[in-house]
Amino acid sequence: MRIEEAINRAIDSRLVAQNKLREKLHNSSGKLSASKLGDPVQWQILHTLGVSKKELDPYTLRKFLRGNDVEAWLVDFIPGLVSKQLFLEYRDVVGYADCVIDTKDYDFKLGTVPLEIKSITNANYRWIKKGPGPNESHQLQAAFYGLAMGVGQALLSYVASDDYRVRCFVIEVTDYRKKIDGIIDRYNEAKTAWEKEGLIPVFEPVEKWQENKKYNSYSDFIGLSGKEAGDLVRKLLEGVSK
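Rules used throughout
- Residues numbered from 1 in each chain as written.
- Predicted model: local features only at pLDDT ≥ 70, side-chain atom pairs only at ≥ 80, totals over all residues.
- Heavy atoms only, no water.
- Pairing = 2+ DSSP bridges.
- Helix = DSSP H or I, 4+ residues; strand = E, 2+ residues; numbered from the N terminus.
- Axes fitted to C-alpha atoms, helices over the stretch in contact; angles between N-to-C directions.
- Buried < 20%, exposed > 50% of the residue type's maximum accessible area, 1.4 Å probe, protein only.
- Contact = heavy atoms within 4.5 Å.
- Arc of directions from axis to C-beta.
- Parallel < 35°, antiparallel > 145°, perpendicular 65-115°, else oblique.
- Nonpolar A, V, L, I, M, F, W, Y, C, P; charged D, E, K, R; others polar.
- Phe/Tyr/Trp six-rings, centres within 6.5 Å; stacked < 30°, edge-to-face > 60°.

**Quick word on the sheet that holds strand β3 (residues 112-120)**
Note: strands within a sheet are paired through backbone hydrogen bonds, in either parallel or antiparallel orientation. The 5 strands are arranged β1-β2-β3-β4-β5 in an open sheet whose pairing can be described as mixed. Each edge of the sheet is formed by a strand with only one pairing partner; in this case those strands are β1 (81-90) and β5 (166-172). Mean inter-strand twist for the sheet, computed between neighbouring axes without regard to direction, equals 35°. Strand direction decides the pairing type here: strand β4 (residues 153-160) and β5, joined by 7 bridges, are antiparallel. Bridging from a neighbouring strand, Tyr 158 pairs with Arg 167 of β5.

This is the structure:
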């Protein structure tokens, strides 16, 4: 039987073109994003400086698109929805909470709190349900929104992308305040080092998977000293401005 690939090629081509356009039109705020709190400080600095990341392949772009669709689906079912995509800021770090909800009809009466939504595979859903619990970077992001809103709790919901099962965790904001403040402090120190000395932090992974070059969006910076990384940033940014 013959296999026709024209549809796949058309999808890949459009997704790649759309992603390139998004990257071209994106203007960095120059501020650390809540979604980057779990990243190595080197990645945080490179992102806020506007250094281009490694180009995403069509498979990854399809996964992101599926995740966005699933998360949008879940929002339509959220009880007590107050607002969507609420801009929040804490200590000059910014982000958008997926939802803000009133929990008066929930199992736990937490008042009005932020809700962060993450789409995951069914295999990852089973792994989280089995015991390890939520990814720490996701907990940091949800807790950040709670800090920014001045509330004691936040919700973190996982939705399985294959069958739409949902697992929702209550995040105690105070459990993460010290760690979030520490991350922001280290970022600010690294930002000052760049501004005053032209240095970029050396790459130090926060989580095991970040050691894999395959998943490193800034793989050209692996193994570079602070000065070498700084020189490369200047070269890349000069190339963009020309």
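**Some points on the side chain of Gln 210**
Tracing the backbone shows Gln 210 in the loop between α6 (174-197) and α7 (226-241). The class of Gln 210 is buried, set by a relative accessible area of 1%. Those residues within four positions of Gln 210 in sequence are excluded, and the remaining contacts are Gly 38, Asp 39, Pro 40, Trp 43, Phe 203, Pro 205 and Asn 216.

**Remarks on helix α4 (residues 122-130)**
For α4, the complete set of buried residues consists of Asn 122, Tyr 125 and Ile 128. Buried residues in α4, looked at end-on, bunch into an arc of 120°, giving them a common side. Summarising the geometry of α4, the exposed residues directed more than 90 degrees from the buried face are Arg 126 and Lys 130. Buried residues belonging to α4 abut β3, β4 and β5.

**Points about unusual backbone geometry**
Phi angles above zero are rare outside glycine, and Arg 91 is one such case at about 50°. The class of Arg 91 is partly exposed, set by a relative accessible area of 35%. Positive phi values are uncommon outside glycine, yet Asp 92 reaches one of about 70°. Mapped onto the elements, Asp 92 comes out in the loop between β1 and β2 (93-102).

**Let's talk about the packing of helix α5 (residues 136-149) against α6**
If you want to describe how two helices pack, look at the angle between their axes and the distance between the axes. It is at 10 Å that the axes of α5 and α6 come closest, and there the two elements cross at 95°. One finds that α5 runs roughly perpendicular with respect to α6. Contacts between α5 and α6 involve Glu 136, Gln 139, Leu 140, Ala 143, Phe 144 and Leu 147 from the former and Tyr 176, Arg 177, Lys 179, Ile 180 and Ile 183 from the latter. Looking at the contact of α5 with α6 residue by residue, the class counts come to 7 nonpolar, 1 polar and 3 charged.

**Some remarks on the packing of aromatic side chains**
Tallied over the entire structure, the rule returns 8 aromatic pairs. Taking 4.6 Å as the distance between ring centres and 40° as the angle between the ring planes, the aromatic pair formed by Trp 73 and Phe 77 counts as tilted. When the ring of Tyr 90 is compared with that of Phe 144, the centres are 6.2 Å apart and the planes differ by 75°; the resulting orientation is edge-to-face. Taken as a pair, Tyr 90 in strand β1 and Phe 144 in helix α5 lie far apart in primary sequence, 54 residues in all.

**Quick notes on the pairing of β3**
Within β3, 7 of the 9 residues are buried, which leaves it mostly tucked inside the rest of the structure. In this structure, β2 lies alongside β3, joined through 4 bridges in antiparallel fashion. Note that in β3 the partner of Cys 99 across the bridge is Leu 115.

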